[in-house]
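# Understanding the architecture of this molecule
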Amino acid sequence: MNFQELGLKKPILKTLTKQGYEVPTPIQIKAIPPILAGRDVVGLAQTGTGKTAAFTLPLLHRLSDGDQPGGHRPVRVLILSPTRELAAQIDAAVQTYGMNMPLRSTVVVGGVPIKRQKNALMNGVDVLVATPGRLEDLVSQRAVKLDRVETVVLDEGDQMLDIGFMPAIRRILKLTPKNRQTLLFSATMPKEIKALSNDHLKDPVEVSVVPETATADRIAQSVMHMQAGDKPSAVAKLIGAHPGKRVIVFTRTKRGADKVVRKLNGENLAAAAIHGNKSQSQREKALAAFKSGKNPVLIATDIAARGIDVPGVELVVNYDLPNVSESYVHRIGRTARAGASGFAVSFCQADEVKLLRAIEKLIKQNIPANAVDGTMMPKAEAAPAPRGGPKGPEGRNRRRRYTSKKQRASA
Ligand code: AMP
């Protein structure tokens, strides 16, 4: 299957060639035809599967049908994202994929002045990428109307539920026409997402790709058992053993992330943190420096890091083990992207052993213990195939990622 066979228009095909995309990914093969046909779609796919292009390409194709009005343009495609970083990433993808088309798009997110966004909306845009809070502000200030929206995309649906966006999403959907097309993408299918799709989608086509399991074969995983007090020096040693390489360190809390940054900086290792307490410009700066390689060490909480797609991450360190096992899969999936291999090292103190066991149960493999010496990295080798096959996206035991307000606030 190639992109021509999917029936995409020439300007889009030209861009794809320029991007070096030779063949569509599985989610693109499955999702593009029904989206082109105007159907509602529920897509089970995680970031990293080519999901953004899976919905953006057919929507750009559909937008280019018919006349482009010269004056004020109504929003015709609305893409909602749970985090600002992911919204910016989607907007960049829309701009890239649409570069050969006369389309306007913009992104509106919180944490930055609203004035510039109002100006950008003044002449209208065809595609609007937004986080829900800022979009509602702009709607209430009459800077944007959603009554001509043809397609709504809800990206990372499961995370939207986790962060408690549901009421806002329901309100936003009410502002859009009833006969719109709705696309819902989610990494998992908990019952809340099912309910959302039943309530807001019409006879959706369900497409899914096997989630990026932790056993992404090219990731060499290991665990280092240690006491809590030894973690700061262990992380410094580990990063020191990967000079100049891109490393992401995940901590459970915002305070923990800042503490790791201070420790690393104290050891003359450059590092920046990205989490919910940072200003938007700090978040953008940290991410840009990480992407460009200027600052190759990023310390992140789960909430800030999901969806971030940066190639060439060699090492993921779990400074704390996540409370919810699925987060481990998301975290270590930041490495070994696009065919590369990578390392995932998890620090485990005594009271985290139960979390480690839960993770091992989820990924159906034991994570080998590494010596408490960061330099002793195992070779990247194929992990054993999980017994009983990969866990399906609608796995019965899936839990909400953040189970309490306290956990959400600390991430
Ligand atoms: P996403 O799941 O949307 O975050 O995409 C993950 C990465 O895959 C992005 O860096 C895309 O540029 C890239 N990508 C998407 N579709 C393709 C494709 N068909 N061929 C090669 N790379 C792709």
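Residues numbered from 1 in each chain as written. Predicted model: local features only at pLDDT ≥ 70, side-chain atom pairs only at ≥ 80, totals over all residues. Heavy atoms only, no water.

## Notes on the overall build of the chain
In terms of helices and strands, the chain carries 16 helices and 13 strands. Counting only residues that meet the buried cut, the chain has 55% of its 411 residues in that class. Taking contacts inside the chain between residues at least 6 apart in sequence as the whole, the part at least 24 apart equals 76%. Accessible surface computed for the chain: about 18,000 Å², of which carbon and sulfur atoms make up 52%. (Helix = DSSP H or I, 4+ residues; strand = E, 2+ residues; numbered from the N terminus. Buried < 20%, exposed > 50% of the residue type's maximum accessible area, 1.4 Å probe, protein only. Contact = heavy atoms within 4.5 Å. Areas by Shrake-Rupley, 256 points an atom, 1.4 Å probe, with all protein chains shown as cover.)

## A short note on the packing of helix α14 (residues 325-332) against helix α15 (residues 353-363)
Where α14 contacts α15, the axes come no closer than 8 Å and their chain directions differ by 70 degrees. Looking at the two axes, α14 sits roughly perpendicular to α15. Contact residues: α14 offers S325, E326, Y328 and V329, while α15 offers A358, I359, L362 and I363. Residue composition of the contact of α14 with α15, by class: six nonpolar, one polar and one charged. (Axes fitted to C-alpha atoms, helices over the stretch in contact; angles between N-to-C directions. Parallel < 35°, antiparallel > 145°, perpendicular 65-115°, else oblique. Nonpolar A, V, L, I, M, F, W, Y, C, P; charged D, E, K, R; others polar.)

## Some points on the sheet that holds strand β8 (residues 219-225)
Taken in spatial order, the six strands line up as β8-β13-β12-β9-β11-β10 in an open sheet, and their pairing is parallel. Two strands lie at the open edges of the sheet, namely β8 and β10 (272-274), each paired on one side alone. For this sheet, the mean inter-axis angle between neighbouring strands, taken without regard to orientation, is 20 degrees. The pairing of β8 with strand β13 (residues 342-348) spans seven bridges and is classified as parallel. Its bridge partner lying in β13, H225 is registered against C348. Each of β9 (246-250), β10, β11 (297-300) and β12 (313-318) is contacted by helix α12 (residues 280-292), which is oriented at about 140 degrees to β9, the strand it contacts most. Packed on one face of the sheet, α14 meets β8, β9, β12 and β13 and runs near 155 degrees to β12. (Pairing = 2+ DSSP bridges.)

## Some details on the pairing of strand β2 (residues 77-80)
The two faces of β2 match: V77 and I79 on one face and L78 and L80 on the other face are all buried. Where β2 meets strand β4 (residues 127-130), four bridges bridge the pair, whose relative direction is parallel. Note on β4: the bridge partner recorded for L80 is A130.

## Concerning the side chain of T49
With respect to the helices and strands, the residue T49 is situated in the loop between β1 (41-44) and α3 (51-63). Among the residues examined, T49 registers a relative accessible area of 16% and is labelled buried. Look past the residues within four positions of T49 in its chain and what remains in contact with it is T25, I27 and V209.

## Quick notes on the site of the ligand
Y21, G48, G50, T52 and D309 are the nearest of the 14 residues found near the ligand. Within the contact set of the ligand, an oxygen atom lies 3.2 Å away from a backbone nitrogen or oxygen of K51. Starting from 500 Å² of accessible surface for the ligand in isolation, the protein chains cover 74%. When its residues are assigned to classes, the shell around the ligand shows five nonpolar, seven polar and two charged. (Near = heavy atom within 4 Å. Polar contact = N/O pair within 3.5 Å; in protein donor to acceptor, adjacent residues only side chain to side chain.)

## Side note on helix α11 (residues 254-266)
Its 13 residues place the ends of α11 18 Å apart at the C-alpha level, agreeing with the 18 Å of an ideal helix rising 1.5 Å per residue. Buried within α11 are the following residues: K254, G256, A257, V260, V261 and L264. One side of α11 carries all its buried residues, which in axial view fall inside an arc of 160 degrees. For α11, the exposed residues lying more than 90 degrees away from the buried face are R255, R262 and G266. In the segment just after α11, N268 is the residue with positive phi, at about 65 degrees. (Expected span 1.5 Å × (residues − 1). Arc of directions from axis to C-beta.)

## Brief notes about the pattern of salt bridges
Going through the model one piece at a time under the given rule, you end up with 16 salt bridges. Measuring nitrogen to oxygen at the nearest pair gives 2.5 Å for the salt bridge that ties D126 to R73. Within this pair, whereas D126 is found in the loop between α5 (114-122) and β4, its partner R73 is found in the loop between α3 and β2, the two being separated by 53 residues in sequence. A relative accessible area of 0% means that D126 is categorised as buried. Take R73: its relative accessible area is 9%, and that puts it in the buried class. A salt bridge links K231 to D320, with the shortest nitrogen-to-oxygen separation between them at 3.5 Å. Placement of the pair is K231 in helix α10 (residues 231-240) and D320 in the loop between β12 and α14, with a sequence separation of 89 residues. (Salt bridge = Lys/Arg side-chain N within 4 Å of Asp/Glu carboxyl O.)

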